[in-house]
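Spelled out, the chains give:
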Amino acid sequence: MRILLAEDDKDLNKALTWQLTGQGYNVDSCFDGEEALFYGRQNIYDVILLDRMLPCHEGTEVLAALRRQSVNVPVILITALGTLQDKIAGLDLGADDYLVKPFDFEELLARIRCVTRRSLILNTHPDILSYHDVTWSCREMCLTGPAGNSTLSKREGDLLESFLHTPEQILARETLLLKVWGPDSDVESGNLDNYIHFLRRRFKTVGSVLQIKTIRSVGYGLVIPDTL
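Computed from a predicted model, the values in this text were never measured in an experiment.

Criteria and thresholds
Residues numbered from 1 in each chain as written. Predicted model: local features only at pLDDT ≥ 70, side-chain atom pairs only at ≥ 80, totals over all residues. Heavy atoms only, no water. Buried < 20%, exposed > 50% of the residue type's maximum accessible area, 1.4 Å probe, protein only. Helix = DSSP H or I, 4+ residues; strand = E, 2+ residues; numbered from the N terminus. Arc of directions from axis to C-beta. Contact = heavy atoms within 4.5 Å. Phe/Tyr/Trp six-rings, centres within 6.5 Å; stacked < 30°, edge-to-face > 60°. Pairing = 2+ DSSP bridges. Axes fitted to C-alpha atoms, helices over the stretch in contact; angles between N-to-C directions. Right-handed = clockwise from strand over helix to strand, strands pointing away. Disulfide = S-S within 2.5 Å.

A. Broad picture of helix α7 (residues 173–181). Looking at α7, one finds that the buried residues are Arg173, Leu176, Leu177, Val180 and Trp181. What you see down the axis of α7 is that its buried residues fit within an arc of 100 degrees, all on one side. Taken together, the buried residues of α7 touch β1 (2–6), α6 (154–165), β10 (170–172), α8 (189–205) and β12 (219–223). Positive phi shows up at glycine 182, right after α7, with a value of about 95 degrees.

The structure is reproduced here in structure tokens:
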């Protein structure tokens, strides 16, 4: 899961990035509203943690702009402004949750799970994604199919999650590169092809019938054979 953290307090930004990374999240962090708007527009995140009082553009301005541009990623506003009217204003602008500083990290994790839960393909646990004949454990990095289990690398897992969130849809190469390697990476496009190959082998190892369909010059899609 990829998180965008927009927080101008450098110490808090660093601490949250370290803690979230330790929980297995991919975190892109920025320190002002202009950067937050740029990264948010890429529409590659599973959740955005958005400080309300940011330089350049306030968090509420960033949120309103993203919603106008149909970026519907779950957003948690993080702020010291905790009055009822502040909360109502943030939620009315399109925030999914509102967390008042100071807060406990465990509460932040719970709120992240809550706002992302509805967008996941779940069984009964938010760390488990399932589609057709496979199950993926995000925490254990384990793919399970009819023939058994296979432990994936971090990069393979990120790529698999991108497909499991959007089965039967074609994802552009550029979108996959952004989701898996991040917007600041200078990774070569050929690396994506290599990891697609690795993931296809994983499906065979666990006995799944799922296929990663290649759409030439466009991208890839996770499909059940003969459905695309």
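Now that the structure has been shown, the text picks up again.
B. Up close: the packing of aromatic side chains. Applying the stated rule across the entire model yields three aromatic pairs. For the pair tryptophan 181 and tyrosine 195, a centre-to-centre distance of 5.7 Å together with 75 degrees between the ring planes defines the contact as edge-to-face. Taken together, the positions of tryptophan 181 in helix α7 and tyrosine 195 in helix α8 put the pair 14 residues apart, joining distant regions of the chain. Exposure remark for tryptophan 181: the relative accessible area of 13% places this residue in the buried category. Ring centres of tyrosine 195 and phenylalanine 198 lie 5.2 Å apart, and the angle between their planes is 80 degrees; on these two criteria the pair is classed as edge-to-face. With tyrosine 195 and phenylalanine 198 both in helix α8 and three residues apart, the pair spans about one turn of that helix. Note on phenylalanine 198: relative accessible area 29%, which makes it partly exposed.

C. Here's a closer look at the sheet that holds β10. Overall, antiparallel pairing links the three strands, which are arranged β10-β12-β11 in an open sheet. Looking along the sheet, the strands with just one partner apiece sit at the ends: β10 and β11 (211–215). For this sheet, the mean inter-axis angle between neighbouring strands, taken without regard to orientation, is 30 degrees. Summarising the sheet, β10 and β12 pair through three bridges and their orientation is antiparallel. Bridge pairing in β12 links alanine 172 to glycine 219. Strands in contact with α6 are β10, β11 and β12; relative to β12, the strand with the most contacts, it is inclined by about 70 degrees. Here α7 sits on the sheet in contact with β10 and β12, set at roughly 75 degrees to β10.

D. Local environment of the pairing of strand β3 (residues 47–51). Of all five residues that make up β3, five are buried, and the element is covered over most of its length. Both faces of β3 are covered, namely the face carrying Val47, Leu49 and Asp51 and the face carrying Ile48 and Leu50. Across four bridges, the pairing between β1 and β3 is parallel. In the strand pairing of β3, alanine 6 is matched with leucine 50. One ladder, built from four bridges, connects β3 with strand β4 (residues 75–79); its direction is parallel. The residue bridging leucine 49 from the neighbouring strand is isoleucine 76, located in β4. Between the parallel elements β3 and β4, the chain passes through helix α3 (residues 59–68) in a crossover that is right-handed.

E. Focus on the state of the cysteines. Counted under the stated rule, the structure contains zero disulfides. Of the cysteine sulfurs around cysteine 56, a residue in no disulfide, the closest is that of cysteine 30, at 10 Å. Its sulfur unpaired, cysteine 114 is 17 Å from the next cysteine sulfur, which belongs to cysteine 138. Looking at cysteine 114, the relative accessible area reads 42%, which means it is partly exposed.

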